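# Coordinate analysis (summary)
As a plain string of letters, each chain reads:
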6 protein chains.
Amino acid sequence: MRLPQTYSGNVFIYSSDDYASSKAVIYGMPMDYTVSFRPGSRFGPGRIREASVGLEEYSPYLDKSIEDLVYFDAGDLLLPFGNAAKSLDIIADYVRGLLNDDKIPVGLGGEHLVSWPVIREVYKKYPDLAVIHIDAHADLREHYEGEPLSHSTPIRKAAELMGGVNIYQFGIRSGSKEEWTYAKEKGIHFHPFDVAEPLKKELPSLAGRPVYVTIDIDVLDPSAAPGTGTTEAGGITSKELLEAVHAIARSGVNVVGFDLVEVAPIYDPTEMTPIVASKIIREMLLGFV
Amino acid sequence: MRLPQTYSGNVFIYSSDDYASSKAVIYGMPMDYTVSFRPGSRFGPGRIREASVGLEEYSPYLDKSIEDLVYFDAGDLLLPFGNAAKSLDIIADYVRGLLNDDKIPVGLGGEHLVSWPVIREVYKKYPDLAVIHIDAHADLREHYEGEPLSHSTPIRKAAELMGGVNIYQFGIRSGSKEEWTYAKEKGIHFHPFDVAEPLKKELPSLAGRPVYVTIDIDVLDPSAAPGTGTTEAGGITSKELLEAVHAIARSGVNVVGFDLVEVAPIYDPTEMTPIVASKIIREMLLGFV
Amino acid sequence: MRLPQTYSGNVFIYSSDDYASSKAVIYGMPMDYTVSFRPGSRFGPGRIREASVGLEEYSPYLDKSIEDLVYFDAGDLLLPFGNAAKSLDIIADYVRGLLNDDKIPVGLGGEHLVSWPVIREVYKKYPDLAVIHIDAHADLREHYEGEPLSHSTPIRKAAELMGGVNIYQFGIRSGSKEEWTYAKEKGIHFHPFDVAEPLKKELPSLAGRPVYVTIDIDVLDPSAAPGTGTTEAGGITSKELLEAVHAIARSGVNVVGFDLVEVAPIYDPTEMTPIVASKIIREMLLGFV
Amino acid sequence: MRLPQTYSGNVFIYSSDDYASSKAVIYGMPMDYTVSFRPGSRFGPGRIREASVGLEEYSPYLDKSIEDLVYFDAGDLLLPFGNAAKSLDIIADYVRGLLNDDKIPVGLGGEHLVSWPVIREVYKKYPDLAVIHIDAHADLREHYEGEPLSHSTPIRKAAELMGGVNIYQFGIRSGSKEEWTYAKEKGIHFHPFDVAEPLKKELPSLAGRPVYVTIDIDVLDPSAAPGTGTTEAGGITSKELLEAVHAIARSGVNVVGFDLVEVAPIYDPTEMTPIVASKIIREMLLGFV
Amino acid sequence: MRLPQTYSGNVFIYSSDDYASSKAVIYGMPMDYTVSFRPGSRFGPGRIREASVGLEEYSPYLDKSIEDLVYFDAGDLLLPFGNAAKSLDIIADYVRGLLNDDKIPVGLGGEHLVSWPVIREVYKKYPDLAVIHIDAHADLREHYEGEPLSHSTPIRKAAELMGGVNIYQFGIRSGSKEEWTYAKEKGIHFHPFDVAEPLKKELPSLAGRPVYVTIDIDVLDPSAAPGTGTTEAGGITSKELLEAVHAIARSGVNVVGFDLVEVAPIYDPTEMTPIVASKIIREMLLGFV
Amino acid sequence: MRLPQTYSGNVFIYSSDDYASSKAVIYGMPMDYTVSFRPGSRFGPGRIREASVGLEEYSPYLDKSIEDLVYFDAGDLLLPFGNAAKSLDIIADYVRGLLNDDKIPVGLGGEHLVSWPVIREVYKKYPDLAVIHIDAHADLREHYEGEPLSHSTPIRKAAELMGGVNIYQFGIRSGSKEEWTYAKEKGIHFHPFDVAEPLKKELPSLAGRPVYVTIDIDVLDPSAAPGTGTTEAGGITSKELLEAVHAIARSGVNVVGFDLVEVAPIYDPTEMTPIVASKIIREMLLGFV
């Protein structure tokens, strides 16, 4: 017999069941072991999916509907708790598979270190890749208290791999003196404090290039995203972050992968952080895929 | 004997005990049964009153004091849980009584569907009525999953009753494609995303007309009003909402009724949502009555 | 290629993907529209599944492992918000299907009214059915403020259908005078305040009979289950509720269906309520299926 | 015209509007300035009233309904913030008025110091008064860090006024060495750690005497009442506290006044503390008035 | 033997152990007894220190590192709960000692009344002192409900002592009509609603003068600082407050003392309020000392 | 000059400043990287110290005052985030130093894995050591998902080092089948579910022996200790845990070290978990040192 319809909430709304015909694949990376302050982003992907139930399917910003897009939600990767190196390998393997299948990887973090193996794999496929990094923190440390696998290091690793000139950073308002210096010396397109305006200025030069977009939710002011490990006062509004996403969407760059990381739901009993994150994901799916 | 003075906190501060001489009457509508995401606005009116204890009586924006105004707080209407149709009838009956007594109805929600019977009654008394609707959501659906009595439908009903050209919408940033199309086709004065600027442009054309003002607290960004059922990122600040209220107050329109709806306190342990709501109510009382 | 393993958290842990070979089927009923106090149990099933991730597979109480059991998690039923009558029909249809397929229905609420259509369907299949009802509230009202479809009425409806002598109630500590009288007059096996001791006394007389077990999480003291709509002080510990479940498991009754209802996560930021609920579900699966 | 019925939530449920015919009068004392740890009990009375909405009118413990009792809820006394001495005078004046009108005072705290002026006034009227004090803390300090008006001192003051032999203390599990010694030296009937059992042993000797009952909600274990300033692990369950109240109700003592103090709602987002407090109040009204 | 290094979190990060060589001294004033609405700022200093652990040492705004500054954290003053007058004396004595030792006092509140004795002592040492007061509330009341020692009065006292023309107020958006009038009559440099712009206009006239800066965290919008007793909607962002601090730092005024008050952590489970406060303190240390 | 007294809250109350004359040394181990469910216990030690401010100095259970005991609070060890192996080395080094100085180590966790290096060091000094382990979880796994350094393994490691017969486990109610079997095979004194009663039976056989006591706060029922990573329903009350501590204190065993681990404050907005933990620490200091 055919049973009545049920709904299993733990996929991003309107996800397709059909991996083969999906252009993009959402996957969670529930890792938070190397954070220096407040852990808990391992529960981010699940709560972003749960919050997506409250979204409408239509974006009045882009005049598009998410029902018209085919994407797959693969759930969360199974990662070994406390073992950062092995976790990064699993992520790399998974993303390599997605790229081989010509899917656009859509990652949900998890701490920011998870973006490092993804960028590395995407770069292998697209050697002229540029990275747009939107974050409160520079993430350009060589190591953190001696530890090279830290949530403070992923963009440094990317810069060393790809060259600083292919890294575009926006909204940075916290870091060490060394990170600030490093950004300048290596030719990183480094735009502290603001996001939308400098981004709009840089985008024309990126037109046509393959781009990976990585957003740390803590680029938002703590008022708009309290549910993250290392909130940093003086951030941007969610209006500005939406504006930035829409600017990329309209710029003619070729987004070949993207992620949103560092949602740590436990610090936010209002649930506003997974709610804003789910909307940003919807707009990125509609604008980038 | 005369007992020492006591204070029963559950009226809006400085409410009068004298219904007869009151120009305006505050009443709560604790209904939240048709919401599609997070219920709980039934407790909104009580917590707005509780939060009003923290307000000062003087508005430096309007240079007026709430002590100089005579208004009555009638408490909450007794509504049958889960029975939307009957609840709307009770609200309509109550408001009809207020209008017969020449009171200005000041409604506290509850979900937004409660505004529908109020607007209908006010429109009966003022056939040249205009409605100013400030909200994150268009609320222009014909039905929600087949249900015509839904918190997504009240402004659609008002538009059908009064004609779209008498509806002024501000701040809308979420809805279906159909709602967007409907707004345009029916001649609704439709201003998505922003509130204060477009409102200031529309107000001169409304001067002298009777106007009903309905504010859904979720027009505010989730950062400023997390305590509501369907928060939507990318909203306005409370500064802008205050500016909008003050613009109406100074515009020369004749506000004949108003409400503030969708405060759901449980999602906001900081209590900032009832606190901002109580201030908006104070400013509307001072500016509109 | 074969992608690395992922895990989609929104099924009860160790659920099988194979409906056909599953003995039991878990399904959520996200309905909370008729509650008289605090709504929010629509989010109960999702959070119980999420919390199940923290469970170990082995029960030292029953010396059994959940890995050895084959059961299916169907997700949540799609119910129309605010329409209680239609929601109950959908539930009835779904459970009828499960029973036709010879599955044991394992329901997750949602408000307690959802148990009513389930019991009705199970009773059709097993005319000698007995119901074990563990709850803080009698749920024996004929109607609530005139509304026959209320979370206060499901056991009354069951008693009228099946006869009071087939109803066994435990832990009841709140209700109207009329409910207390009704229980006595109709021959309900009515055991207020306590659960484990009176249950152990009644169980021998039920040996061999088909039994439906319905647990309202508010039978627990508010200290052990704050995340529910109508907490009632003076309840039992989770130790006693576990003891009760184990007593049924060892009694020789034939449990043909069961549910656990009224988990409303928003009232419990500690998450202890979905956590205890997930453990009770694990023990019932191990003990009853 | 006659308006439809409204309900103003800020009275204890089923309160009468008729002071004259009421046997008992509920009044709030929103004072919390002298606490040594976590302040906030000024919001206790309001939230206890709000929580009472969730109560049923019938007590299955006492087989009585609160609808059959006539009592008045006077709201909260207006107390000057930070001025303890003046606040205590206002409380004393108010209670003197109630006693002159032959009402039973039913106080809601606020910190425990508020009980001191009440006991003093009641003692003036009933010179053979005994005090039953149920609390985690002895409250027998002469002063706290030099301050005689402290929430640690009210029972000491009562003992000095009335003689230690007329004080009965139960559940005490925290205090200074000096308080323990004082209790013994002054002949206080001092029962640390437990409540129901020692109370049942003492009650026969109190039969017929006028008794004032004062309950500090922190006698409950933190698990059952987290919303209080100075929680103390190792406390009793709400079941035991209910049992104690019922024992007094059935004992034949003449309760001439009672209070429940130290509910500080902000520390308890689950609301279980005002919920249990409202039930204890209901049972005391039914059992004592 | 030399034990491995440990860290005792309850000092502001990078505090020196060496009082003698420290230019500035941080001290907490855990007083909150005179507040009219929500108490709890006594726990502010401790949580600000705890939150400082999440800060980086480098300020990209000022291009300075806090490691290069020598300052001492003295912990919290021991104040008698509930005794405002005596508490203010202890604060005055302590600050007098700091000033004698030529330290810059850096106070952490506690309620705003704690600033009054500090300003008085600083004024004794610097008779040409100006006060920059950044706050949502005017704090210009003569008394609050008859009580001259209230958190609504400190700036009034300062104005009476020093003359209104030496007081500069910014961001004020709440107060009584009388406070507004007083500010004008006494020649206070009174700038309601905004902070950064009017401050930048006033600063040149203050160049070279000794200045005391007092910041009430509630100048921020509730969205950015929910953890305070009397939040007031319509406030500034943390970006604007940082801009104001940096403007003072670059202005050439001689900051001889400063404080940040009214952080009440319990109202903010997200911890964003102590987090923003700790960053403002870091920037003031770097910019003012 | 001599400045007035200040208090720096981040030491356990009544700690001495004098390491040399202290019998016991409190130290925090803020490590939580290997947990399998909810991280956050790195903030446990700090919040336990903060909560200790609310304790009275006198224990009526033991009739002793903590003022009469000399102990030192060393703060938290500086551990490298995410590097479990190195963190355990630092802990071992530190404890070795304490033991060389003939101090009793009093550890505050952090996850339970931190107890492993401590037990190893204590065992080196006391080869006839017995371990009393009070916990909800057996912690007897050989590895967790392949990882030998996991919070599920410390007691296994201790059993392998010291022999199972020297391990005494109480309150265990969760674990794998293998752990249950291991406990039996290795002769561990294994007492599932209950604590106080079996402990009292075992204690006489331990009289005179050196004993290390390790308490995982999750042995308490979630109702009494929600602030921990892996709460497990069906636990004991804080009354029973206090009874167990007092039984050890009175038994004549020679406690040569102890710890309390797994307090994760973020899951408990009521703060009851650090509050009960601080009381248990006080009782252990009074009873064991």
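First things first, this report covers the structure right here in the doc. (Residues numbered from 1 in each chain as written. Chains lettered and ligands numbered in written order. Predicted model: local features only at pLDDT ≥ 70, side-chain atom pairs only at ≥ 80, totals over all residues. Heavy atoms only, no water.)

## Some details on the interface of chain D and chain C
Facing the 21 residues of chain D at the interface are 26 residues of chain C. Summed over both partners, the interface of chain D with chain C buries about 1900 Å², with 56% contributed by carbon and sulfur atoms. When the buried surface of chain D facing chain C is broken down by residue, Glu-56, Tyr-58 and Lys-239 of chain D rank first, second and third, together holding 29% of it. Put simply, Glu-56 of chain D and Arg-141 of chain C hold a salt bridge, and the shortest N to O gap is 2.3 Å. Our enumeration of links across chain D and chain C arrives at 11 residue pairs in polar contact (both at pLDDT 80 or more). Sorting the residues of the side of chain D that touches chain C by element identifies α7 (238–249) and α8 (272–288) of chain D as the ones contributing at least two each. (Contact = heavy atoms within 4.5 Å. Buried area = accessible area lost by both parts, 1.4 Å probe. Salt bridge = Lys/Arg side-chain N within 4 Å of Asp/Glu carboxyl O. Polar contact = N/O pair within 3.5 Å; in protein donor to acceptor, adjacent residues only side chain to side chain. Helix = DSSP H or I, 4+ residues; strand = E, 2+ residues; numbered from the N terminus.)

## Details of the interface of chain A and chain E
Listed per partner, the contact involves 27 residues of chain A and 21 residues of chain E. For the pair chain A and chain E, the summed buried surface comes to about 1900 Å²; carbon and sulfur atoms form 56% of the total. Applying the counting rule to chain A against chain E returns five salt bridges. In this structure, Lys-177 of chain A engages Asp-63 of chain E in a salt bridge whose closest nitrogen and oxygen atoms are separated by 2.8 Å. One can count 11 residue pairs in polar contact (both at pLDDT 80 or more) joining chain A with chain E. The element that contributes the greatest number of residues to the side of chain A that touches chain E is helix α5 (residues 177–185) of chain A, accounting for three residues. Split by residue class, the side of chain A that touches chain E holds nine nonpolar, eight polar and 10 charged. (Nonpolar A, V, L, I, M, F, W, Y, C, P; charged D, E, K, R; others polar.)

## With respect to the arrangement of the chains
Nowhere do chain A and chain D come into contact; their C-alpha atoms are at least 10 Å apart. The two partners chain C and chain E share no contact, and the minimum distance between any of their C-alpha atoms is 10 Å.

## Structural notes on the side chain of Arg-156 of chain E
Residues and elements named next belong to chain E. Relative to the elements of secondary structure, Arg-156 occurs in helix α4 (residues 154–162). On the accessibility criterion, Arg-156 (13% relative accessible area) is buried. Not counting chain neighbours up to four residues away, the residues in contact with Arg-156 comprise Asp-139, Leu-140, Arg-141, Glu-142 and Tyr-182. (Buried < 20%, exposed > 50% of the residue type's maximum accessible area, 1.4 Å probe, protein only.)

## Thoughts on the relation of the copies chain A and chain E
The operation linking the two copies of the chain is a rotation about an axis combined with a translation along the axis. The two copies are related by a screw operation: chain A maps onto chain E through 120° of rotation and 0.0 Å of translation along the axis, at an RMSD of 0.0 Å. Classification of the inter-copy transformation places it as that of a three-fold axis. The position closest to the rotation axis in chain A is occupied by the C-alpha of Ser-223 of chain A, lying 3.0 Å away. An asymmetric contact is evident, with only 7% of the interface residues of chain A recurring at the interface of chain E. (Least-squares fit on C-alpha atoms with pLDDT ≥ 70 in both.)

## Re the packing of helix α1 (residues 44–52) of chain C against helix α8 (residues 272–288) of chain C
Residue and element names in this part refer to chain C. Contact pair α1 / α8: the axes reach a minimum separation of 8 Å and the direction vectors enclose 75°. Judged by the angle between their axes, α1 and α8 are roughly perpendicular. Across the interface between the two elements, Arg-47, Ile-48, Ala-51 and Ser-52 from α1 touch Pro-274, Ile-275, Ala-277, Ser-278 and Ile-281 from α8. Per-class residue counts for the contact of α1 with α8 are six nonpolar, two polar and one charged. (Axes fitted to C-alpha atoms, helices over the stretch in contact; angles between N-to-C directions. Parallel < 35°, antiparallel > 145°, perpendicular 65-115°, else oblique.)

## Quick notes on the relation of the copies chain D and chain C
Rotating chain D by 120° and translating it 0.0 Å along the rotation axis places it on chain C, where the RMSD comes to 0.0 Å. An overlap of only 10% is found between the interface residues of chain D and their copies at the interface of chain C, pointing to separate contact surfaces.

## Considering the packing of aromatic side chains
Using the criterion set out here, one finds 40 aromatic pairs over all chains in the structure. Judged by centre distance (5.4 Å) and plane angle (50°), the rings of Tyr-27 of chain C and Tyr-94 of chain C are tilted. Separated by 67 residues along the polypeptide, Tyr-27 of chain C in strand β2 (residues 24–29) and Tyr-94 of chain C in helix α2 (residues 84–100) bring together distant segments of the chain. The pair formed by Tyr-27 of chain C and Tyr-94 of chain C is uniform in burial state, with each residue classed as buried. For the pair Phe-193 of chain D and Tyr-61 of chain F, a centre-to-centre distance of 4.7 Å together with 25° between the ring planes defines the contact as stacked. Residue Phe-193 of chain D is located in the loop between β9 (189–192) and α6 (196–206), and its partner Tyr-61 of chain F is located in the loop between β3 (58–59) and β4 (64–65); the two belong to separate chains. (Phe/Tyr/Trp six-rings, centres within 6.5 Å; stacked < 30°, edge-to-face > 60°.)

## Description of unusual backbone geometry
Residue and element names in this part refer to chain A. Between Gly-109 and the following residue, Gly-110, the backbone shows a cis peptide bond with an omega angle of 5°. Note on placement: Gly-110 falls in the loop between β6 (104–109) and α3 (115–125). Located in the positive-phi region is Glu-262, a residue other than glycine, with phi close to 75°. Within the element layout of this structure, Glu-262 appears in the loop between β11 (254–261) and α8 (272–288).

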